[in-house]
Amino acid sequence: MLRSLPVDRFVGNLADCPDRSTDDTIRAALNERHIPAQSLGADTLVVDGVRFIVLPPDPSDDPCPDDENNNSVVVRLEYGSFSMLFAGDAEDEERDWLVANQAGLLDVDVLKAAHHGGNNGTSAAWLAAVTPKAVLISAGVVARYHHPMAEAVAAYKAATAGKLYCTNRHGTVRLFGYQDGHFTISRQRGTSKSCVYDGTHY
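As the structure is a computational prediction, the values presented were derived from the model and not from experiment.

Calculation rules
Residues numbered from 1 in each chain as written. Predicted model: local features only at pLDDT ≥ 70, side-chain atom pairs only at ≥ 80, totals over all residues. Heavy atoms only, no water. Buried < 20%, exposed > 50% of the residue type's maximum accessible area, 1.4 Å probe, protein only. Helix = DSSP H or I, 4+ residues; strand = E, 2+ residues; numbered from the N terminus. Arc of directions from axis to C-beta. Contact = heavy atoms within 4.5 Å. 1 Å grid on protein atoms, 1.4 Å probe; cavity = no way out; pocket = protein on both sides within 12 Å on 5 of 7 lines; lining within 4 Å. Points joined across faces, edges and corners; volume = space filled by probe spheres on them. Nonpolar A, V, L, I, M, F, W, Y, C, P; charged D, E, K, R; others polar. Disulfide = S-S within 2.5 Å.

Would you take a moment to explain helix α2 (residues 92–101) for this structure?
Residue pairs three or four apart in sequence face the same way in an α-helix, which turns once every 3.6 residues. If you check which residues of α2 are buried, you get E94, R95, W97 and L98. Angular distribution of buried residues about the axis of α2 spans 160°; they occupy a single face of the element. Its buried side turned inward, α2 meets α3 (103–106) and α4 (124–130).

Looking at this structure, I do not really get empty space enclosed by the protein. What am I missing?
A water-sized probe, rolled over the atoms, reveals where empty space remains. Applying the stated criterion across every chain yields a total of one cavity of 30 Å³ or more. Taken together, L40, L55, P56, P57, S72, V74, E94 and L98 make up the lining of the largest cavity. Residues that form the lining of the largest cavity fall into these classes: six nonpolar, one polar and one charged.

Which parts of the structure should I look at to understand the state of the cysteines?
Such a bond, covalent and formed between the sulfur atoms of two cysteines, is termed a disulfide. All chains considered together, the criterion is met by two disulfides. The residue that forms a disulfide with C166 is C195, at a sulfur-sulfur distance of 2.1 Å. What sets the handedness of the C166 and C195 disulfide is the S-S torsion sign, and at about -85° it is left-handed. Here C195 lies in the segment after β11 (183–187) and C166 lies in strand β9 (residues 164–166), a separation of 29 residues in the sequence. A relative accessible area of 0% means that C166 is categorised as buried. With cysteine numbering restricted to those in disulfides and following the sequence, the protein has the pairing 1-2, 3-4.

This is how it looks when you write it as structure tokens:
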């Protein structure tokens, strides 16, 4: 993707970790296309009036953890009074550190769920800090990990009074956030079926 899309800047973990061929491929693409790159840290990017705040990682973390999910880039989006959080695949360790150290940046209107709705992508403490009014889950229809999972789906529904949207059931989900803080969400398909994975579309 780095070789085909226009990219002005790359933000991510730049550590040269052993036996990680994907990282090597990314570094090669960055070098070939002369794309500026920077390691993770507290950083704010502004594009057309939209702020993207890259949340910092735990400074004591190993830059080459056994579980690469704990290198996830977590981003807060702000457009006027509207806010949204993109949680990547952050595991408990990364999320717990953010709750303890960056709670002020976690409280948003909409949450893009971690781990495609996996049980390891959320917790009671996490949802208490994020306080989402709605949750979006991006998950395929046939997936070996069986996302979204029942426990996570139940937690998201409880936290949002049922305002949960998932691509495995609803198809394309469109979110429009407005400067006054309100937002609208539309679905390609309407269904009353649970988001919990069962191998079917709807």
